[in-house]
Amino acid sequence: MKYRIEKDTMGEVQVPADKYWGAQTERSRNNFKIGPSGSMPKEILEGFAYLKKAAAYANYDLGVLPIEKRDAIAAVCDEILEGKLDDQFPLVIWQTGSGTQSNMNVNEVIANRAQVLKGFEIGEGEQFIKANDDVNKSQSSNDTFPTGMHIAAYKMVVETTIPGVEKLHATLAKKAAEYKDVVKIGRTHLMDATPLTLGQEISGYAAQLAFGLKALKNTLAHLSEIALGGTAVGTGLNTPKGYDVKVAQYIAEFTNHPFITAENKFEALAAHDAIVETHGALKQLAVSLNKIANDVRMLASGPRSGIGEIHIPENEPGSSIMPGKVNPTQCEALTMVCAQVIGNDMAIAVGGMQGHYELNVFKPVMAANFLQSAQLLGDACISFDEHCAQGIEPNHKRIKELVDNSLMLVTALNTKIGYYKAAEIAQTAHKNGTTLKEEAVRLGYVTPEDFDAWVKPEEMV
């Protein structure tokens, strides 16, 4: 491999000749060989591309950057957003907690790529655009990385998580209406309870997702606030007047999302409560989805030795040894996703605690965990919807069998003969293996006609 020499404030470093990054990127690449996986998420790098382009435009408007430099920086940022420079960002999550090396990675790539687009070799003559002086103008790693975090997190939630959850919610709401008259037995404590309809049961799932979506959307206002303009500690040192508002306007324009400058830059740098808050809403959705998926797989258990009240799609063979076995794999995948999201929430909570004085230093791991959770939930909801929820159908024969055999229908007799006599009927029927009607009549508490008139599952829902 051929190398070239790059310099920074700490001296010379050998850098692969075919790469656009510079000395600071190479130092980080060599100093943090922590893996095997853990690359900085592409969404964060795209967030940097948006903010570097916006900063160049704002700096030009405010008279501190020439138009030719603005356009050159913007051109490289567009290439990053188009995925043309993906191999130029080799750094990992496990680096400085401020994300400084990733900020410099982006600065160096933009500067050197702009040099090449200008028609020069890297390092040839006077550098056309300088990484720190031009690409990083009016910025600090301390305000760029949290801005990149918020851009990436907001976009992921709005473009992936919310659409996925909304799609699954719509299916469940449709199923709730479709099966509103299918009377089945209810269960509490995993034991028989009074009847309800399958539609009512599913409506509970739809309501959980509706509540979770509302909570998630309510966090977006805080997440849309960006730190850019706070520079090193939140004071805005080395920025032209009005820069913070203008750069946020450009980010909003370029991303087509309503980003605004953070009202308090000190909070935006030192704490990441918006990330903690929004991920808390993601965790809540994970809790709800885990309950829903578990209910579905238990209701579909069988096909002959389980509950078997619903049919779910048979997507693939379930066993390498048991012929014909089919498993609730979508439920399993969704619940594993939920476990990952709930675990990620702990990492984010711990990261949120590391705001020491003017800077939080757990930014990369918070960002990476957040983005994983948001994408997993959105993707898993789409998968579960398309390959499971849409195909849910009632097993009418099994539902009727279980309703007819339930002892808890005796609850309908409470107001007619009293709790204690009704309990005696249920306990005796269970002991003798007989029906409620048989024991109610044998004990002399009701006539056959009264029992038929009073114990009607369809009127107990």
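You'll find the structure just up there.
Below you will find a few notes about this structure. Here the residue index of a chain counts from 1 through its sequence in written order. For a predicted model such as this one, the threshold for reporting local features is a pLDDT of at least 70, and the threshold for listing and counting side-chain atom pairs is 80 or more; totals across whole chains, interfaces and linings nevertheless cover every residue. In computing side-chain properties, one takes all heavy atoms of the structure into account and sets aside hydrogens as well as water.

## Some words on unusual backbone geometry
When glycine is set aside, most residues are seen to have a negative phi, and most peptide bonds are trans.
Then comes step 1: A cis amide bond links Gly35 to the next residue, Pro36, at an omega of 15°.
Then comes step 2: With phi around 65°, Ser138 is a residue other than glycine that occupies positive phi space.
Then comes step 3: Look at Ser138 and you get buried, because its relative accessible area is 6%.
Then comes step 4: With phi around 55°, Tyr357 is a residue other than glycine that occupies positive phi space.
Then comes step 5: Secondary structure elements follow DSSP: runs of H or I no shorter than four residues count as helices, runs of E no shorter than two count as strands, and numbering proceeds from the N terminus. On the secondary structure map, Tyr357 appears in the loop between strand E8 (355–356) and strand E9 (359–360). The buried label applies to any residue whose accessible area, calculated with a 1.4 Å probe on protein chains only, is under 20% of its type's maximum; exposed applies above 50%, and partly exposed to all values in between.

## Comments concerning the pattern of salt bridges
Should the charged atoms of two oppositely charged side chains come close, the side chains can pair.
Then comes step 1: By salt bridge we mean one thing: a side-chain nitrogen of Lys or Arg within 4 Å of a carboxyl oxygen of Asp or Glu. Enumeration according to the criterion identifies 28 salt bridges in this entry.
Then comes step 2: Measuring nitrogen to oxygen at the nearest pair gives 2.9 Å for the salt bridge that ties Glu159 to Lys155. Placement of the pair is Glu159 and Lys155 together in helix H6 (residues 141–178), with a separation of four residues, close to one helical turn.
Then comes step 3: A salt bridge links Glu166 to Lys217; its shortest N-O distance comes to 2.8 Å. Linking Glu166 in helix H6 with Lys217 in helix H7 (residues 198–218), this pair joins segments that are 51 residues apart in sequence.
Then comes step 4: Of the residues examined, Glu166 reaches a relative accessible area of 33% and is grouped as partly exposed.
Then comes step 5: Since its relative accessible area comes to 39%, Lys217 is described here as partly exposed.
Then comes step 6: The network of salt bridges with shared partners includes Lys184, Arg187, Glu201 and Glu309.

## Observations concerning the pairing of strand E1 (residues 3–8)
Sheet faces and side chains relate simply in a regular strand, where the side chains alternate between the two faces.
Then comes step 1: Burial along E1 is one-sided: the face carrying Arg4, Glu6 and Asp8 is buried and the face carrying Tyr3, Ile5 and Lys7 is not.
Then comes step 2: Of the pairings in the sheet, the one linking E1 to strand E2 (residues 11–16) comprises six bridges and is antiparallel in character. Within E2, the residue paired with Tyr3 across the bridge is Pro16.
Then comes step 3: Strands are treated as partners if at least two bridges between them are detected by DSSP. Here E1 folds back onto E2 in antiparallel fashion, the turn holding two residues.

## Here's the deal with the packing of aromatic side chains
Then comes step 1: Here the aromatic set is Phe, Tyr and Trp, taking the six-membered ring for Trp, and pairing holds for ring centres within 6.5 Å; pairs whose planes are under 30 degrees apart are stacked, those over 60 apart are edge-to-face, and all others are tilted. All told, the structure shown has six aromatic pairs when counted by the stated rule.
Then comes step 2: Pairing Tyr57 with Tyr250 gives two aromatic rings, centres 5.3 Å apart and planes at 55°, and the pair type is tilted. In this pair, Tyr57 sits in helix H2 (residues 42–61) while Tyr250 sits in helix H9 (residues 243–255), placing the two residues 193 residues apart along the sequence. Taken as a pair, Tyr57 and Tyr250 share a single burial class, namely buried.
Then comes step 3: Ring centres of Tyr419 and Tyr420 lie 5.5 Å apart, and the angle between their planes is 85°; on these two criteria the pair is classed as edge-to-face. There is no split in this pair, since Tyr419 and Tyr420 are both exposed.
Then comes step 4: Feature note: the residues Tyr57, Tyr250 and Phe254 constitute an aromatic cluster, connected by ring pairs.
Then comes step 5: Sitting over a ring, as applied to charges here, requires NZ of Lys or CZ of Arg to be within 6 Å of the ring centre and within 35 degrees of the ring normal. The cationic tip of Arg70 hangs over the ring face of Tyr57; the distance from NZ or CZ to the ring centre is 4.4 Å.
Then comes step 6: Against the face of Phe128 rests Lys118, its NZ or CZ located 4.7 Å from the ring centre.

Such coordinate-based values are descriptive only and should not be taken to indicate function.
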